[in-house]
Amino acid sequence: MKTQLSDTPTFTLYTTIEAIDRFTSLLQTGIIVPAARGVSIGAFLEALPGFTANYITEQVQTIFLNGTATDDMETPLDGDAPVLAISAAMPGLAGAIFRRNSLHAALRTVKKTMKSNSATDEITVILKLFNAIARDRGVQLLQNGVIIKAANVTAFLANRAPLMQLLLDAEVNGNQTSSSSLAHLLPTFDTIKLTFCN
């Protein structure tokens, strides 16, 4: 999967700065981030807005790469659209097992890392942000604009009528539209650039 940012339609949603925080759980569905093939998890995260080395060390406590927990920030991102999920510390035994550098790490199931045969130098990473990470960094990401599957946005908004009422205005590629028309417009696209403005 290769996403050309220049060909991606832009959806701009207007709401209050306080309300943008209510939309950050959308980031759990995954955003598409272009990256250099083989870039380390650590370098990839540090390139994101607000993800300083100190923040990553202190707050990013659980990392899953293609469904497998990993502790090593030097692990390279490769393969076809690798899925990287990050969160703050999770509660309970499961949280202890999957926490970075946990004493219980030996209880994890280990999967073999798959590599791509592609010769391209760029990949698209599916990044999923959970719990405190989404709350801490989600607003800035949404204000900067994220590439996301239109179907994910459609499903998210369809189940959250109160959030729809927080949308003051909407634009598609700079052309004004009503927020109520989003349910009809979004399914006509595969991938969009979603930006929130206040």
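Located above this text is the structure these notes cover.
This write-up is about the structure you can find in this document.

What counts as what
- Residues numbered from 1 in each chain as written.
- Predicted model: local features only at pLDDT ≥ 70, side-chain atom pairs only at ≥ 80, totals over all residues.
- Heavy atoms only, no water.
- Phe/Tyr/Trp six-rings, centres within 6.5 Å; stacked < 30°, edge-to-face > 60°.
- Helix = DSSP H or I, 4+ residues; strand = E, 2+ residues; numbered from the N terminus.
- Buried < 20%, exposed > 50% of the residue type's maximum accessible area, 1.4 Å probe, protein only.
- Lys NZ or Arg CZ within 6 Å of the ring centre and 35° of its normal.
- Salt bridge = Lys/Arg side-chain N within 4 Å of Asp/Glu carboxyl O.
- Core = buried A, V, L, I, M, F, W, Y, C linked by side-chain atoms within 4.5 Å.
- Contact = heavy atoms within 4.5 Å.
- 1 Å grid on protein atoms, 1.4 Å probe; cavity = no way out; pocket = protein on both sides within 12 Å on 5 of 7 lines; lining within 4 Å.
- Points joined across faces, edges and corners; volume = space filled by probe spheres on them.
- Nonpolar A, V, L, I, M, F, W, Y, C, P; charged D, E, K, R; others polar.

Moving on to the packing of aromatic side chains. For any two aromatic rings, the description comes down to two numbers: the centre-to-centre distance and the angle of the planes. As enumerated under the stated definition, the model contains four aromatic pairs in all. Considering the side-chain rings of Phe 23 and Phe 156, the 6.5 Å spacing of their centres and the 45 degrees angle between planes classify their relative orientation as tilted. Of this pair, Phe 23 sits in the loop between helix 1 (17-20) and strand 2 (31-36) while Phe 156 sits in helix 6 (residues 150-158), and the two are 133 residues apart along the sequence. Phe 156 shares its class with Phe 23; the two are buried. An aromatic cluster of at least three residues, connected via ring pairs, comprises Phe 23, Phe 156 and Phe 196. Here Arg 137 stacks its cationic end above the ring of Tyr 55, 4.0 Å away from the centre of that ring.

Looking now at the pattern of salt bridges. Going through the model one piece at a time under the given rule, you end up with two salt bridges. Its salt-bridge partner being Arg 37, residue Asp 78 comes within 2.6 Å of it at the nearest N-O pair. Taken as a pair, Asp 78 in the loop between strand 4 (68-69) and strand 5 (83-87) and Arg 37 in the loop between strand 2 and helix 2 (41-46) lie far apart in primary sequence, 41 residues in all. The exposure class of Asp 78 is buried, given its relative accessible area of 18%. Among the residues examined, Arg 37 registers a relative accessible area of 22% and is labelled partly exposed. Between Lys 149 and Asp 190 there is a salt bridge; the shortest N-O distance is 3.0 Å.

Attention now moves to the nonpolar core. Among the nonpolar cores identified, the biggest contains 50 residues, and Phe 44, Leu 45, Leu 84, Ile 86, Leu 127, Leu 129 and Leu 194 are the most heavily contacted of them. Looking at which element gives the most residues to this core, the answer is helix 5 (residues 131-144), with six residues. When sequence neighbours within four positions are dropped, the list of residues in contact with Leu 45 reads Phe 51, Ile 56, Met 73, Leu 84, Ile 86 and Leu 127.

Glancing now at empty space enclosed by the protein. Space left empty within the atom packing is revealed by a probe, the size of a water molecule, rolled over the atoms. The tally for this structure, following the rule as stated, stands at one cavity of 30 Å³ or more. Size it by volume and the largest cavity reaches roughly 30 Å³. Residue lining of the largest cavity: Leu 13, Phe 23, Leu 26, Val 153, Phe 156, Leu 157, Leu 194 and Phe 196, and that is the complete set. Of all the secondary-structure elements, those providing two or more residues to the lining of the largest cavity are helix 6 and strand 10 (191-197). The leading source of residues in the lining of the largest cavity is helix 6, at three residues. When grouped by side-chain class, the residues that make up the lining of the largest cavity number eight nonpolar, no polar and no charged.

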